[in-house]
Each structure stands twice: as structure tokens, then as C-alpha cells.
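Each chain, letter by letter, is given below.
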Amino acid sequence: MSATTIGYQTVQYFTVGAMAAVVFDYCLMIPQEVQLIWGRKWDVVRVVFTLTHYVTFMGTAMTTYAAVTDRSHYTSVRELVI
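Just so you know, these numbers come straight off a predicted model, no measurement behind them.

Procedures and definitions
Residues numbered from 1 in each chain as written. Predicted model: local features only at pLDDT ≥ 70, side-chain atom pairs only at ≥ 80, totals over all residues. Heavy atoms only, no water. Helix = DSSP H or I, 4+ residues; strand = E, 2+ residues; numbered from the N terminus. Buried < 20%, exposed > 50% of the residue type's maximum accessible area, 1.4 Å probe, protein only. Contact = heavy atoms within 4.5 Å. Salt bridge = Lys/Arg side-chain N within 4 Å of Asp/Glu carboxyl O. Patch = residues over 30% accessible without salt bridge, like charges linked within 9 Å, V, L, I, M, F, W, Y side chains within 5 Å. Areas by Shrake-Rupley, 256 points an atom, 1.4 Å probe, with all protein chains shown as cover. Lys, Arg positive; Asp, Glu negative; His and termini not counted.

**Let's talk about the overall build of the protein chain**
Counting its regular elements, the protein chain contains three helices and zero strands. Reading the protein chain from its N terminus to its C terminus gives the helix and strand order α-α-α. Per-residue burial for the protein chain yields a buried fraction of 15% across its 82 residues. Expressed as a percentage of contacts within the protein chain between residues at least 6 apart in sequence, the contacts between residues at least 24 apart total 62%.

**Here's the deal with the pattern of salt bridges**
Taken as a whole and judged by the stated rule, the model has one salt bridge. Linking R40 and D43 is a salt bridge whose minimum nitrogen-to-oxygen distance equals 3.0 Å.

**What to know about a nonpolar patch on the surface**
Residues I30, V34, W38 and Y54 make up a contiguous nonpolar surface patch of about 370 Å² in total accessible area. Here the nonpolar patch takes three residues from helix α1 (residues 3-38), the largest share from any one element. Here Y54 is to be found in helix α2 (residues 44-68).

**Section: the side chain of E33**
As for its position among the elements, E33 is in helix α1. Although E33 is buried, it forms no salt bridge, and the closest oppositely charged side chain is R46 at an N-O distance of 7.9 Å. With near-sequence residues (within four places) excluded, E33 lies in contact with W38, F49, H53 and Y54.

In C-alpha cells form, the structure reads like this:
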């Protein structure tokens, strides 16, 4: 294996590990989230919390998917985008 391949695999492992840590943190915080946020009226605090909480989760999920997806069979950037 080349150094590039080893580096790419290392990035993949760290990305998956980071996603696991985010999911674990969300699982730990669900009881507090239900108690402190879900029962509130929709105000600025709840909107900001919801956006930052779930947009971050979705971004981490998309980054993990992109890191572990094999795109080596594409021959150009155009094929990758379309």
C-alpha cells in the first residue's frame, strides 16, 4: 500500500470515529433535550438550538458518507457531479 492509500484510510477511520462520537453524544443528551427544549414554545432559543443541533448532525453524516464512499471508478469530476 502506498502512503496516499494509508493516509486516505486513516482519514476514513477518523471520520467514522467522529460520527460515532457525535451519535453517542446525541444519545446521551436526548433526556435533557426532551426536558429542556421539546416542551418549550417556539422562540429564538429553540429555533437556534434546533438548527445548530440537527444541521451539525446532518453535516457530519454527509461528511462520513463522502469519506467512506468509493469514488475510484469515476474518470472525471463531471461524472462525479452529475
